[in-house]
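Chain by chain, the residues run as shown.
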Amino acid sequence: MVTTRFAPSPTGRLHVGNLRTAIHNWMWARKAGGRFLLRIDDTDAERSSEENVEAIREDLAWIGLVPDAEERQSARFAIYESHFETLRAAGRIYPAYETPQELDLKRKILLGRGLPPVYDRAALNLSEAERAALEAEGRRPHWRFRLDHDAPMEWDDMVRGPQRFDPEKISDPVIRREDGSWLYLLPSVIDDIDLGITDVVRGEDHVTNTAVQVQMFAALGAQPPRFAHEALLTGAEGKLSKRLGSLGIDHFREGGIEPVALVALLARLGTSDPVEAVTRPQPLIETMDFARFGRAPARFDEGELAGLNARIVHQLDYDAVADRLPDTMEREGWAAIRPNLSTVGEAANWWAIVEGPFDAPVPGDDVEYLAQAAALADEIDWRDDPWRALTGALKERTGRKGKALFLPLRRALTGLGHGPDMAALLPLIGRERAIKRLRGQ
Ligand code: GLU
């Protein structure tokens, strides 16, 4: 069974970038009829907060991503400890005592000689006595995972194709700090094995981690999952922007963006499939294919999102939005106003105009014309298409046409020079209100 996981660290709110990763994980699992898990990566107790965990859950729920289960790394320390002991006994994990300053110096020396700054494994060559001496000095070790220089570091990435790394060019990664706290690499692999993760979908900033993790899976006696590393998102200006990293769900929710618009854009951005104005994610799920994901960074453009949102709003059924509309606004009202909206929230503004009152604009030269219109509005049949009846009669009576015929009416009836189709709006305004407005009352 395909099982994916979205694994945010609750050190902040979700932003567009990790939301996109969440969406892809969710879609991939749903497409296969599999499972989508939320894994809270809260090994860093200091930087994680319960408030952020709650916000992550809420944000995912708002966008419609319901995990089949939730796991927390902070509840799994005992499991990590036992694997740590096994790997240590097997010689795959070793203690190292260098201070950050010493490591920095080593790096600088290598770089100065034009060599890759790979850790020299000096700690592996320490004798028992040397180690004891360091500990007696009060030094506490951090822990490194010993890469197997003879074993492959390769996988066939669902986005990037075949990947291959040379273990000799990579430092044995630090997996645990002096204070016993965990770095991300090993717990993630232990969880992926334990939770039966079949497909790891994440940003391409994790590619080198994957190279190392492929060996960790092997060291723990497990088959690595499939990997898909997606190209990163950039802002519209083409750079990785700070703004993008800070754009959270709140910003979109407050801006009237529909959850499905965000899904529709993020699902397809950077793929060779077009962004489509869908009202439900199902068609996107059915066609999802990592082979269609591009290698170049994808541009996230808020303007594109706003445009997509409007196209989606224009298709939403009354029942899908009724609870967000003014109480008195019914099906006909929604149908009349919907084509003019960028967001569902704007419907209330148009509805306020239908219901009035509003400050009527000064009619100017059109006083006489509007008086005629008011008189005719009193005579016409309101049951069928009053706008057609009114404008038809006015045209005949006054000889006006085009803008001169319509615009003064629109202004008097709505207070504005633009807006929804008057043929749809006038029946909603109704006879009584219309006559009053045309009379300037
Ligand atoms: N907590 C990690 C992150 O947010 C998870 C990476 C992964 O998906 O393995 O980058």
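Residues numbered from 1 in each chain as written. Predicted model: local features only at pLDDT ≥ 70, side-chain atom pairs only at ≥ 80, totals over all residues. Heavy atoms only, no water.

1. Considering the layout of surface pockets
Once rolled over the atoms, a probe with the size of a water molecule shows which space is left empty. What counts here: Buriedness for pockets is judged along seven lines, at least five of which must meet protein on both sides within 12 Å for an open set on the 1 Å grid over protein atoms alone, while cavities are sets there where a 1.4 Å probe fits but cannot get out, and lining residues have an atom within 4 Å of a point. Grid points are joined across faces, edges and corners, and a volume is the space filled by probe spheres set on the points. Labels follow the DSSP assignment, with helices taken as runs of H or I lasting at least four residues and strands as runs of E lasting at least two, numbered in each case from the N terminus. Ten residue types, Ala, Val, Leu, Ile, Met, Phe, Trp, Tyr, Cys and Pro, are classed as nonpolar, four, Asp, Glu, Lys and Arg, as charged, and the remainder, Gly among them, as polar.
Considering only enclosed or pocket space, the largest pocket measures out at about 890 Å³ in volume. What lines the largest pocket is a set of 36 residues, among which Ala 7, Ser 9, Asn 18, Asp 205 and His 206 lie closest to the centre. Contributing elements (two or more residues each) for the lining of the largest pocket: strand E1 (3-6), helix H1 (16-31), strand E9 (199-203) and helix H8 (242-246). Ranked by residues supplied to the lining of the largest pocket, first place goes to H1 with 5 residues. A breakdown of the residues in the lining of the largest pocket according to their chemical character gives 12 nonpolar, 14 polar and 10 charged.

2. Considering the site of the ligand
Here is the rule: Neighbouring residues are identified by heavy atoms, a residue being near a molecule or strand if any of them is within 4 Å of it. Any pair of N or O atoms that falls within 3.5 Å is considered a polar contact. Within protein, one atom must be able to donate a hydrogen and the other to accept it, and sequence-neighbouring residues count only if both atoms are side-chain atoms. Only the protein chains shown count as cover for residues, with accessible areas throughout obtained via the Shrake-Rupley method and a probe of 1.4 Å. Pocket occupancy is defined atom-wise: a molecule lies in a cavity or pocket when more than half of its atoms are within 2 Å of its grid points.
Looking at the ligand, the residues that line it are Arg 5, Ala 7, Ser 9, Asp 41, Tyr 184, Ser 188, Arg 202 and His 206. Contact between the ligand and Asp 41: a nitrogen atom at 2.6 Å from a side-chain N or O atom of the residue. At 2.6 Å, a side-chain N or O of Tyr 184 approaches an oxygen atom of the ligand. Compared with its free state, where it exposes 300 Å², the ligand has 78% of that area covered by protein. Comparing atom positions with the cavity grids shows the ligand to sit within the largest pocket. Partitioning the shell around the ligand into residue classes produces 2 nonpolar, 3 polar and 3 charged.

3. Some words on the UniProt feature "domain: Aminoacyl-tRNA synthetase class I anticodon-binding" (unreviewed entry) in the protein
Note the following rule: UniProt positions are given in the numbering used here, feature names are shortened, and annotations may be inferred rather than shown by experiment.
According to UniProt, the positions carrying the feature "domain: Aminoacyl-tRNA synthetase class I anticodon-binding" (unreviewed entry) are residues 368-439. Its end C-alpha atoms 10 Å apart, residues 368-439 is made of 75% helix and 0% strand.

4. Focus on the pattern of salt bridges
What counts is decided by this rule: What makes a salt bridge here is a side-chain nitrogen of Lys or Arg within 4 Å of a carboxyl oxygen of Asp or Glu, nothing more. Burial classes follow relative accessibility: with a 1.4 Å probe on protein chains only, a residue under 20% of its type's maximum area counts as buried, one over 50% as exposed, and anything between as partly exposed.
Counted under the stated rule, the structure contains 36 salt bridges. Between Asp 104 and Arg 107 there is a salt bridge whose closest N-O contact spans 3.5 Å. Of this pair, Asp 104 and Arg 107 both sit in helix H4 (residues 100-112), 3 residues apart, roughly one helical turn. The partner of Arg 292 in a salt bridge is Asp 273, with the nearest N and O atoms 2.6 Å apart. Remark: Asp 273 occurs in the loop between helix H10 (259-268) and helix H11 (282-287) and Arg 292 occurs in the loop between H11 and strand E12 (298-299); sequence separation between them is 19 residues. According to the relative accessible area criterion, Asp 273 is buried, its value standing at 16%.

5. Some points on empty space enclosed by the protein
Per the counting criterion, the structure on display carries 1 cavity of 30 Å³ or more. Put simply, the largest cavity is a space of about 60 Å³. Contributing to the lining of the largest cavity are His 24, Met 27, Ala 267, Arg 268, Thr 271, Asp 273, Leu 284, Thr 287, Met 288, Asp 289, Arg 292 and Phe 293. Among the secondary structure elements, those contributing two or more residues to the lining of the largest cavity are H1, H10 and H11. Tallied by class, the residues present in the lining of the largest cavity amount to 5 nonpolar, 3 polar and 4 charged.

6. Considerations on the packing of helix H16 (residues 367-379) against helix H20 (residues 431-438)
Where we set the bar: Working convention: axes come from line fits to C-alpha atoms, limited for helices to the stretch in contact. Angles between N-to-C directions cover 0 to 180 degrees. Just so you know how the angles are binned, under 35 degrees is roughly parallel, over 145 roughly antiparallel, 65 to 115 roughly perpendicular, and the rest oblique. Left-handed describes a crossing whose near helix is turned anticlockwise from the far helix by less than a right angle; the clockwise case is right-handed. When checking whether two residues touch, look at their non-hydrogen atoms; a contact exists if any pair is within 4.5 Å.
Two elements in contact, H16 and H20, have axes separated by 8 Å at closest approach and are oriented at 160°. The orientation of H16 with respect to H20, classified from their angle, is roughly antiparallel. In this structure, H16 crosses over H20, and the sense of that crossing is left-handed. Taken together, the residues of H20 that come into contact with H16 (itself represented by Leu 370, Ala 373, Ala 374, Ala 377 and Asp 378) are Arg 431, Ile 435 and Leu 438.

7. Quick word on the pairing of strand E4 (residues 93-96)
The line we're drawing: Here, strands pair whenever DSSP counts at least two bridges between them.
Here E4 shows no split at all, with Ile 93 and Pro 95 on one side and Tyr 94 and Ala 96 on the other all buried. Across 4 bridges, the pairing between E4 and strand E5 (residues 142-145) is antiparallel. Pairing of Ile 93 across the sheet is with Phe 145, part of E5.

8. With respect to H16
Inclusion rule: A helix's residues, less one, multiplied by 1.5 Å, set its expected span.
For H16, built from 13 residues, the straight-helix expectation of 18 Å at 1.5 Å per residue is met to within 8% by its first-to-last C-alpha distance of 19 Å. Within H16, the full set of buried residues consists of Tyr 369, Leu 370, Ala 373, Ala 374, Leu 376 and Ala 377. Structurally, H16 contributes buried residues whose contacts are with helix H17 (386-398), helix H18 (402-414) and H20.

9. Digging into the environment of Gly 345
Structurally, Gly 345 can be placed in the loop between helix H14 (331-337) and helix H15 (347-355). Along the chain, Gly 345 and Arg 324 lie 21 residues apart, while their C-alpha atoms are 7.3 Å from each other.

10. Remarks on the environment of Arg 76
Its place among the elements puts Arg 76 in the loop between strand E3 (69-72) and helix H3 (77-89). A C-alpha to C-alpha distance of 42 Å links Arg 76 and Gly 112, two positions 36 residues apart in sequence. With residues near it in sequence (within four places) discarded, Arg 76 still touches Glu 71, Ile 190, Asp 191, Asp 194 and Leu 195. Polar contacts involving the side chain of Arg 76 include one to the side chain of Asp 194, which spans 2.9 Å.

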